[in-house]
Amino acid sequence: MSLTSPERGYPLERIDYDSGAIEGVAAALATLVDHAGDARVVLDNIHNGLEGRGRAITSVTGLAGRLSQRVQPTAATIGRIVDVLRGYVDAVSSHARIANDLIDEIESAHATLQVAEDAAADARAQQDALGADTWAAVAGAASAIDDADGDGDLDARRGALGELWSRWESAYRCWDDAYGAALTALVTASGTTDDPGIRMAISSLAHADAPAEVAAIWASLSPQEQQELFERHPGFIGNLEGVPYPVRFDANRAVYERTVNGMPYGEPLDGQLRQLGEELGPEFGGELLMFHPFEQPQATAAVMYGVGATLDRDGRIVGDPLASVTNVSTLVGGMFSSLDDLQSWGVSARNLNDFADAYGEEGTRSVSIAWYGYDSPNLATEHTMGSATEGAARLRDTLRGLDHEVGDRVASSVIGHSYGSTTAFLAVGGAHIDLGVDRLIAVGSAGVPDGYHARGRAMIRWTTPAWRSTPRARPVMSSRATARSARSATAPTPATSPARSSSRATAVRPPRCRAAPSRCSGPPATRHTTAATRCGAGGRRATATCPGTRSRSVT
């Protein structure tokens, strides 16, 4: 059931948290701070009290002093992070628990009220349709209305539901405020951001609830404030939906370069960073839309292909490289997918762009996103919905940001493979707002939960891809709401960052193409089958494939 609160418009959603895990992290970090304190005591003793003379003694005592000075700010930063985590645990354990406990009551009360209101409305409609001479029928209809209303029972139920909503909004708002405050504190935990205006900007951005709100805050900042945020907090800016994509591309590349310069970290991360550098190089021209290299249990990222950005003398993107784009596809991998697969998925993304542009109308220009934004399942977790639920929340955020960035002028498709299709359908079908997705396509689907494929935003619809010279109908998943007003080669060495491609696409943007940028048929070496899958009555699956292609089973 997709509901929003009546006063503030919050989506009725469960707040995902694990207070025990957060406290465990805080305790581990606190232990690290204690060890750092012990290390400083030893280093200070060496620096101030090591007996002896000579060059070696002087070198050792000086090094101990310098290390002690370097340990102190790091330990202080970690200590601040501990305080933030423990403060958030207290807030989430209280407010989030209350909000989550009220959800079932709200959904039950809403469903009961809806049934009663529908019954009363039907009875009134029947009464209105009766003639004045049918007194018995009129009396029966009036009795039906009384039964449905239950002597003011409807008003009582509305009042009870309103009270539940009020309690839930209060708890949710408190949690939301605590989350924004915690995020602000984490971003500024290093203590390097001293300017009050910058701190206020970070707080405003952290508390923003939608990409449009983030964009408005970002636009209100002066160029100097934007540059300071970019230089001091590129990891925050680069992953914040609503910040302009060119800024995010530059910020995430800066984080990538900093991360690569710190290698080695060990496998698989080192290998993933080298492969990522190849994808970002001039040969493939990828841009980092999202980048969390040290996330556990696996690094996450999203690479956009086909951007074709123009760079200034400082290597920063100028203008809007997506201005002439007409199609964008987001590719979501399934079980075992990770940045280790970026080479093959990068090939698929670039091929998708090439095919869509080659077979499209004049002026068609496509970009694709290889999205690795969640902890993909393995054999032990594939049968559960944990990875899909987590991934759906993150993918939903990405799609909201993408929709804000490109708007109605670009046809947006989401293509999920295997377990990735489950994640994609949860993200789009479970959204309480329009995510701007025109086509939701499942390939080799692992299955879609009931209630996420038969809604108005995710129903089978036959359409004709506009880039084909000969129209051919094919099934795809439509997921755009009717009323958009409801939307609120050799890897580089570790110390070397890949150079960007500085070419700019010259295509002129045509009228909006609403077709999904993928193909049913192509050259023999690249021909593939794209299937749209849904569960029918009784759990049966109906699979529709494109004509003239080889069949692929859906599992």
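Read on for an overview of the structure. Please read all numbers here as calculations on a predicted model, not as lab measurements.

Definitions and cut-offs
- Think of each chain on its own: its residues are numbered from 1, step by step along the sequence as written.
- Thresholds applied to this predicted model are a pLDDT of at least 70 for local features of residues and 80 or more for the giving and counting of side-chain atom pairs; totals over whole chains, interfaces and linings are not thresholded and use all residues.
- To obtain the side-chain values, all non-hydrogen atoms of the structure were included, while hydrogens and water were left out.
- The buried label applies to any residue whose accessible area, calculated with a 1.4 Å probe on protein chains only, is under 20% of its type's maximum; exposed applies above 50%, and partly exposed to all values in between.
- Labels follow the DSSP assignment, with helices taken as runs of H or I lasting at least four residues and strands as runs of E lasting at least two, numbered in each case from the N terminus.
- Throughout, the arc means that of the directions going from the helix axis to the C-beta atoms.
- Residue contacts follow a heavy-atom distance rule, with two residues in contact if any of their heavy atoms lie within 4.5 Å.
- Put simply, buried Ala, Val, Leu, Ile, Met, Phe, Trp, Tyr and Cys residues joined by side-chain atoms within 4.5 Å make one nonpolar core.
- The rule is simple: put a 1 Å grid over the protein atoms alone, call a set of points where a 1.4 Å probe fits but cannot get out a cavity, call an open set with protein on both sides within 12 Å along at least five of seven lines a pocket, and count a residue as lining if it has an atom within 4 Å of a point.
- Grid points are joined across faces, edges and corners, and a volume is the space filled by probe spheres set on the points.
- When residues are grouped by polarity, Ala, Val, Leu, Ile, Met, Phe, Trp, Tyr, Cys and Pro land in nonpolar, Asp, Glu, Lys and Arg in charged, and all others, Gly among them, in polar.
- Note on ring pairs: Phe, Tyr and Trp rings are taken, using the six-membered ring of Trp, and paired if centres are within 6.5 Å. Classes follow the plane angle, with under 30 degrees stacked, over 60 edge-to-face and the rest tilted.
- To sit over a ring, a charge needs its Lys NZ or Arg CZ within 6 Å of the ring centre and within 35 degrees of the ring normal.
- Criterion used throughout: strands pair if DSSP finds at least two bridges between them.
- Place the viewer so that the strands point away; then a crossover is right-handed whenever the path from the first strand over the helix to the second strand goes clockwise.

Turning to helix 6 (residues 211–220), a few remarks are in order. Those residues of helix 6 not exposed but buried are Pro211, Val214, Ala215, Ile217 and Trp218. For helix 6, the arc enclosing every buried residue in end-on projection is 165 degrees, short of the 170-degree limit, so these residues lie on one face. Among the exposed residues of helix 6, those pointing more than 90 degrees away from its buried face are Ala219 and Ser220. Those residues of helix 6 that are buried lie in contact with helix 5 (196–207), helix 7 (223–232), helix 8 (234–238), helix 9 (245–261) and helix 12 (386–406).

Glancing now at the nonpolar core. Counting residues in each nonpolar core, the largest one holds 38 residues, and the members touching the most others are Met304, Leu322, Ile369, Trp371 and Leu399. Of all elements in the fold, only helix 9, strand 1 (287–292), strand 2 (300–305), strand 5 (327–332), strand 6 (366–372), helix 12, helix 13 (419–429) and strand 8 (439–443) reach the threshold of two or more residues within this core.

The next thing to look at is empty space enclosed by the protein. There is about 40 Å³ of room inside the largest cavity. Lining the largest cavity are Leu399, Leu402, Asp403, Val406, Gly407, Val410, Ser412, Leu435, Gly436 and Val437. For the lining of the largest cavity, the element with the most residues is helix 12, which contributes 4 residues. A per-class count over the lining of the largest cavity returns 6 nonpolar, 3 polar and 1 charged.

Taken as a whole and judged by the stated rule, the model has 12 aromatic pairs. Geometrically, the ring pair formed by Trp345 and Tyr372 is edge-to-face, given 6.4 Å between the ring centres and 75 degrees between the ring planes. Taken together, the positions of Trp345 in helix 11 (residues 342–359) and Tyr372 in strand 6 put the pair 27 residues apart, joining distant regions of the chain. Across the pair, Tyr372 and Trp345 agree in class, each one buried. By the ring-pair criterion, three or more aromatic residues cluster together here, those being Tyr10, Tyr88, Trp165, Trp168, Tyr172, Trp175 and Tyr179. When the ring centre of Phe284 is taken as reference, the NZ or CZ atom of Arg350 above it lies at 3.8 Å.

Taking burial as the measure, the 5 residues of strand 8 include 5 buried ones, the bulk of the element. Of the two faces of strand 8, the one lined by Arg439, Ile441 and Val443 and the one lined by Leu440 and Ala442 are each fully buried. Sheet topology places strand 7 (residues 411–417) next to strand 8; 5 bridges connect them, and they run parallel. Bridging across to strand 8, His417 finds its partner in Val443. Of the crossover connections in this fold, the one passing from strand 7 over helix 13 to the parallel strand 8 is right-handed.

Our next topic: unusual backbone geometry. Here the residue pair Glu267 and Pro268 is connected by a cis peptide bond, since its omega of 5 degrees sits within 30 degrees of zero. Relative to the elements of secondary structure, Pro268 occurs in the loop between helix 9 and helix 10 (269–280). The peptide bond linking Gln296 to Pro297 adopts the cis configuration, its omega dihedral lying at 5 degrees. Its location among the elements puts Pro297 in the loop between strand 1 and strand 2. Phi is positive for Phe336, close to 70 degrees, though the residue is something other than glycine. Along the chain, Phe336 turns up in the loop between strand 5 and helix 11.

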